[in-house]
Amino acid sequence: MDLVKETQSTCPYCGVGCGVIIQSTGNQITGVKGDPQHPANFGRLCSKGSTLHLTATAEVTLQTRLLQPLQRLQRLQRGAAPEPVTWDSALHTATTKFAQVIRDHGPDAVGFYVSGQLLTEDYYVFNKLAKGLIGTNNIDTNSRLCMSSAVAGYKKTLGADSPPASYEDLGLASTLFIAGSNAAYAHPILFRRIEDAKAANPALKIVVVDVRRTDTAEAADLFLQIQPGTDVMLFNGMLHLMLWEGWTDAAYIAAHTEGFDSLKALVRDCTPDAVAAVCGIRKAELMEATRLFAQSSATLSLYCMGLNQSSAGTAKNTALINLHLATGQIGKPGAGPFSLTGQPNAMGGREVGGLANLLSAHRDLANPTHRAEVAALWGVPNVPEKPGKTAIEMFQATADGEIKALWIACTNPAQSLPDQATVRRALERAEFVVLQEAFATTATARYADLLLPATTWGEKEGTVTNSERRISRVRAAVAAPGPQDNGSRHDWAIAVDFAQRLESALGRTPALPTLFPYPTPESVWNEHRESTRGRDLDITGMSYAQLEATPLQWPMPEGTTSGKVRLYEDGVFPTPTGRARFVAAPYTPVAEQREARYPFALTTGRLRDQWHGMSRTGTLGRLFGHVREPALHMHPQDMSRRLLAEGDLVHITSKRGSILAPVQASTEVGLSQVFLPMHWGDEFLSGQSNTGERLGGVNALTSPVFCPDSKQPELKHAAVKVLKA
Ligand code: SF4
């Protein structure tokens, strides 16, 4: 009988970053259990994590996976079945096409759209390929849809993209202030820790701010159901009250911050009456939330997409961090602003600078010294200065014909980006689209000229960083699937092979050593590690060998033996003056306000048992036990006013498109608000654009308007009308 092998790894779903033990027999994954040693979950797993092995059976692999390179030989064949080709042929085609576009139109005529689900090593190679070899900053990621407002918020206020708190602070807080986060669904194991903290300390107060009465809100001592997009007004109003009541920490403000006077002037008009009117809450609720935040011995804020996915995403983040600085609720046990990362490795991608405006190790593209440092590290003459196109801009530029070749890795923009009509126009218009993917079933696969099969969870090696800055190893339990000589390859290895071919095609001097001398993911990680020396996320004291033993938090510079649980305990911040900065950002309403023709505010979000576009979770019947099919949640009073009954089909229409879905009565949403889950695409939520193209999913409706600072789109809000079909 074959022995069961156990391999320690990490869950590939959310940013909690739970440790898993993969059980395998021969080359088949047979089971999964929580890793009792992993500090993120201590053995627990949620419904998604505990069923991972069932999404990796031989049958599911055969039905859903991309198992060998495929090519559509002519552009007009898109949508037709692609033909199998060898890896050599596929990468030769990709190299020839990209080199031709770069020669004819310049480096900015190509773009790379990658993913917060790639491992840090994958991300590092793609970033160096775009910025170091090709000379374009046109590399962005689906993390733009996820965490870029949190990044901008941290940098503006605290000086660096470094979440200051840790999971252990959940058990040390006196008040948990949860804003725009349904952690019960989106971060279930973290939510279990919140429940544990409450059970251990019944005096712990939980305040939840959300537009929906979610399962997380049900656990709250105080729930503020605000109107969509009004968070900045709420936070500024809380500061107004703190000043009025004398609840700010004058000594902390004087010793460790700057810019408070401008903020004080800004919040003068944010009176309780004004806040109550704008946010749709009672003044007593505002007062109680303010008291619980300011008067507790330790306040920890947890926040997620409700703040980030907004046209005012950065302002929402900074307004909340302002409250922590004004009350000294930062840099001490149980206190601080703590963004919850949506994807498993959005943090790792930020660490290697894999976004259009960032460089390696939290360096900024706009900073000439940083560009020179990265060029020296990579051994290239320079890193281009011109900012790259961020996610929405990249697809708009492709739709406009400015970007001609796109390389998409481990993400499904034909479902997940807002304003699908523009995205699909972009994918149609591009001269050449490469899709590097584990799954053959994504909507984007229909638009690819070349499909490159990638390994995924249980098959690949590398590292990820979770919400609390903890780096964990991801390990392979089984071999890459597909034909032995032409099957799936690791993402970093595909990028390295392509990069080395492109070096020759672009005429890089043959005498020069390759820029991509990586035999293993560890060799990539070691180069990344060196790039962090002296930076806020310095990990020069860490090694793969240490990570084999236990996941570690950054920073951990050379000479230290453990990472930092908490940042800024000395009150010194990584800004030029060492002081944290208050940001005086005024409240601005959602970009697309409700009006007579579009009277409902649509919000989108996750379900407990599904993940993203369901490439993996959608393969498992039991994960549909919680919610069987997509439905538009509407308040019962709104339904009766429109003569709608449970299950009626309705057309949901925004200025960009229209889709069809059943309606479901729900008191989770307020009046004139509706909610639709984000997971289902064309097949289940069919519809059309306002110019008649067939498309579907909730993102046929959503808006591409983005935050001016973070460029993160307002996925959480669109004005819609709802009519019986
Ligand atoms: Fe995976 Fe997140 Fe569930 Fe943990 S909480 S098992 S990381 S999906």
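Note that residues are indexed from 1 along each chain, following the sequence as it is written. Restriction of local features to residues with pLDDT of at least 70 applies here, the model being predicted, together with a cutoff of 80 or more for giving and counting side-chain atom pairs; totals for whole chains, interfaces and linings are based on all residues.

- Per an unreviewed UniProt entry, the protein chain goes by Molybdopterin-dependent oxidoreductase and derives from Rhodoferax potami.
- Here is the UniProt Sequence similarities (unreviewed entry) comment for the protein chain, exactly as written: "Belongs to the prokaryotic molybdopterin-containing oxidoreductase family. NasA/NapA/NarB subfamily." UniProt positions are given in the numbering used here, feature names are shortened, and annotations may be inferred rather than shown by experiment.

## Let's talk about the overall build of the protein chain
Turning to step 1, where the next piece is worked out: Check the secondary structure of the protein chain and you find 23 helices and 30 strands.
Turning to step 2, where the next piece is worked out: For this measure, only C-alpha atoms enter the radius of gyration; the expected value for a globule follows 2.2 Å times N^0.38, where N is the number of residues. Against the compact-globule benchmark of 27 Å for 725 residues, the protein chain has a radius of gyration of 25 Å, which places it among compact chains.
Turning to step 3, where the next piece is worked out: If one aligns the C-alpha atoms of the protein chain with their principal axes, the spans along those axes are about 70 × 65 × 60 Å.
Turning to step 4, where the next piece is worked out: Here exposure depends only on C-beta density: within 10 Å of a residue's C-beta, 20 or more other C-beta atoms make it buried, 12 or fewer make it exposed, and intermediate numbers make it partly exposed, the C-beta atoms being placed from the backbone. Within the protein chain, the fraction of its 725 residues that count as buried is 60%.
Turning to step 5, where the next piece is worked out: The contacts in the protein chain between residues at least 6 apart in sequence include a share of 73% that link residues at least 24 apart. The helix count covers DSSP runs of H or I at least four residues long, the strand count covers runs of E at least two residues long, and both are numbered beginning at the N terminus. Our contact criterion uses C-beta atoms placed from the backbone: two residues qualify when those atoms are within 7 Å.

## Side note on the domain arrangement of the protein chain
Turning to step 1, where the next piece is worked out: In this document the domain limits rely on a domain assignment from an automatic tool or a database. Domain assignment breaks the protein chain into domain 1 (70–146 + 345–454 + 489–510 + 524–531), domain 2 (148–340) and domain 3 (600–724).
Turning to step 2, where the next piece is worked out: Spacing between the C-alpha centres of domain 2 and domain 3 amounts to 28 Å.
Turning to step 3, where the next piece is worked out: Facing 24 residues of domain 2, the contacting portion of domain 3 comprises 24 residues.
Turning to step 4, where the next piece is worked out: Taken together, the elements giving at least two residues each to the side of domain 2 that touches domain 3 come down to α4 (148–157), α5 (183–186), α13 (305–308) and α14 (313–327).
Turning to step 5, where the next piece is worked out: It is α4 that contributes the most residues to the side of domain 2 that touches domain 3, four residues altogether.
Turning to step 6, where the next piece is worked out: Three categories are distinguished: nonpolar for Ala, Val, Leu, Ile, Met, Phe, Trp, Tyr, Cys and Pro, charged for Asp, Glu, Lys and Arg, and polar for the others, with Gly belonging to the last. Broken down by class, the residue content of the side of domain 2 that touches domain 3 amounts to nine nonpolar, 13 polar and two charged.

## Things to note about the site of the ligand
Turning to step 1, where the next piece is worked out: Near the ligand you find 14 residues, and of these C11, Y13, C18, C46 and G49 are the closest.
Turning to step 2, where the next piece is worked out: Residue composition of the shell around the ligand, grouped by class: nine nonpolar, four polar and one charged. To decide nearness, the C-beta atom of each residue is placed from the backbone, and the residue is near a molecule or strand if that atom lies within 6 Å of it.

## Some details on the environment of A397
Turning to step 1, where the next piece is worked out: Counting through the fold element by element, A397 comes out in helix α17 (residues 391–399).
Turning to step 2, where the next piece is worked out: Looking at A397, the number of C-beta atoms within 10 Å reads 18, which means it is partly exposed.
Turning to step 3, where the next piece is worked out: Leaving out residues up to four positions away in the same chain, A397 has contacts with K389, E402 and I403.

## So, the nonpolar core
Turning to step 1, where the next piece is worked out: By definition, a nonpolar core groups buried Ala, Val, Leu, Ile, Met, Phe, Trp, Tyr and Cys residues that are joined through C-beta atoms within 7 Å. Ranked by internal contacts, the top residues of the largest apolar core, which has 183 residues, are V125, F126, V433 and V434.
Turning to step 2, where the next piece is worked out: Those residues in contact with V434 that sit more than four places away from it in its chain are A94, W407, I408, A448, L450 and L452.
Turning to step 3, where the next piece is worked out: One finds A421, M639, V650 and V698 within the second-largest nonpolar core, a separate group that totals 28 residues.

## Things to note about the sheet that holds strand β2 (residues 19–25)
Consider a sheet: its strands pair through backbone hydrogen bonds, and that pairing is either parallel or antiparallel.
Turning to step 1, where the next piece is worked out: For two strands to be treated as a pair, DSSP must find no fewer than two bridges joining them. Spatial strand order, β1-β2-β3: three strands in an open sheet with antiparallel pairing. The open sheet has two edge strands, β1 (4–10) and β3 (28–34), and neither has a second partner. Between one strand axis and the next, the sheet turns by 30° as a mean value, whatever way the strands run. Axes here refer to lines fitted to C-alpha atoms; in helices the fit is confined to the stretch in contact. Angles between the N-to-C directions go from 0 to 180 degrees.

## Topic: the sheet that holds strand β19 (residues 462–465)
Turning to step 1, where the next piece is worked out: Read from one edge of the open sheet, three strands run β19-β20-β21, paired in antiparallel fashion. Of all strands in the sheet, those bounded by a partner on one side alone are β19 and β21 (552–553).
Turning to step 2, where the next piece is worked out: The pairing of strand β20 (residues 470–474) with β21 spans two bridges and is classified as antiparallel. Each residue of the ladder has a partner; that of R470, found in β21, is Q553.

## Considering the packing of helix α8 (residues 231–245) against helix α10 (residues 260–267)
Turning to step 1, where the next piece is worked out: At their nearest, the axes of α8 and α10 sit 9 Å apart, and the two run at 105° to each other. Taken as axis vectors, α8 and α10 run roughly perpendicular relative to one another. The segment α8 lies against α10, with N236, L239, H240 and L243 engaging K264, L266 and V267.
Turning to step 2, where the next piece is worked out: A breakdown of the residues in the contact of α8 with α10 according to their chemical character gives four nonpolar, two polar and one charged. Each angle receives one of four descriptions, namely roughly parallel if under 35 degrees, roughly antiparallel if over 145, roughly perpendicular if within 65 to 115, and oblique otherwise.

## Some thoughts on the environment of E522
Turning to step 1, where the next piece is worked out: Relative to the helices and strands, E522 resides in helix α21 (residues 521–531).
Turning to step 2, where the next piece is worked out: Among the residues examined, E522 registers 17 C-beta atoms within 10 Å and is labelled partly exposed.
Turning to step 3, where the next piece is worked out: Residues E522 and E461, spaced 61 residues apart in sequence, show a C-alpha to C-alpha distance of 8.7 Å.

## With respect to the packing of α8 against helix α11 (residues 272–279)
Turning to step 1, where the next piece is worked out: Contact geometry for α8 and α11: axes closest at 9 Å, N-to-C directions at 160°. The angle between α8 and α11 falls in the class roughly antiparallel. α8 and α11 meet at a crossing whose hand is left-handed. Side by side, α8 and α11 meet where M233, L234, G237 and L241 of the first sit next to P272, V275, V278 and C279 of the second.
Turning to step 2, where the next piece is worked out: Residue composition of the contact of α8 with α11, by class: seven nonpolar, one polar and no charged. Each crossing gets its handedness from the near helix: less than a right angle anticlockwise from the far helix is left-handed, clockwise is right-handed.

## A look at the UniProt feature "domain: 4Fe-4S Mo/W bis-MGD-type" (unreviewed entry) in the protein chain
Turning to step 1, where the next piece is worked out: Annotation from UniProt places "domain: 4Fe-4S Mo/W bis-MGD-type" (unreviewed entry) at residues 4–60.
Turning to step 2, where the next piece is worked out: The annotated region residues 4–60 carries 5% helix and 37% strand content, and the separation between its end C-alpha atoms amounts to 21 Å.

## Section: α4
Turning to step 1, where the next piece is worked out: Of all ten residues making up α4, ten are buried, and the element is well covered by its neighbours.
Turning to step 2, where the next piece is worked out: Those residues of α4 not exposed but buried are S148, S149, A150, V151, A152, G153, Y154, K155, K156 and T157.
Turning to step 3, where the next piece is worked out: Against α13, α14, β13 (336–339), α15 (346–351) and β22 (580–581) lie the buried residues of α4.
Turning to step 4, where the next piece is worked out: A positive backbone phi angle near 100° is found at G159, which sits one or two residues after α4.

## Digging into the environment of G559
Turning to step 1, where the next piece is worked out: Looking at where G559 falls in the secondary structure, it is placed in the loop between β21 and β22.
Turning to step 2, where the next piece is worked out: As a C-alpha pair, G559 and F706 span 147 residues in sequence and 42 Å in three-dimensional space.

## Notes on the pairing of β20
Turning to step 1, where the next piece is worked out: In terms of burial, β20 is largely enclosed, as five of its five residues are buried.
Turning to step 2, where the next piece is worked out: Covered by surrounding structure in β20 are R470, S472 and V474 together with I471 and R473, the residues of both alternating faces.
Turning to step 3, where the next piece is worked out: Bridging between β19 and β20 involves four bridges; their strand directions are antiparallel. Bridging across to β20, T465 finds its partner in I471.

## Points about unusual backbone geometry
Only a minority of non-glycine residues have a phi that is not negative, and only a minority of peptide bonds are not trans.
Turning to step 1, where the next piece is worked out: Here the amide bond leading from W554 into P555 is cis, since omega sits at 0°, within 30 degrees of zero.
Turning to step 2, where the next piece is worked out: Along the chain, the position of P555 falls in the loop between β21 and β22.
Turning to step 3, where the next piece is worked out: Of note in this structure, L643 is not a glycine but carries a positive phi near 55°.
Turning to step 4, where the next piece is worked out: Turning to its location among the elements, L643 is positioned in the loop between α23 (636–641) and β25 (649–653).
Turning to step 5, where the next piece is worked out: Residue K711 is not a glycine yet carries a positive backbone phi of 60°.
Turning to step 6, where the next piece is worked out: By the secondary structure assignment, K711 is in the loop between β29 (694–696) and β30 (718–724).
Turning to step 7, where the next piece is worked out: Residue classification places K711 among the buried residues on the basis of 23 C-beta atoms within 10 Å.

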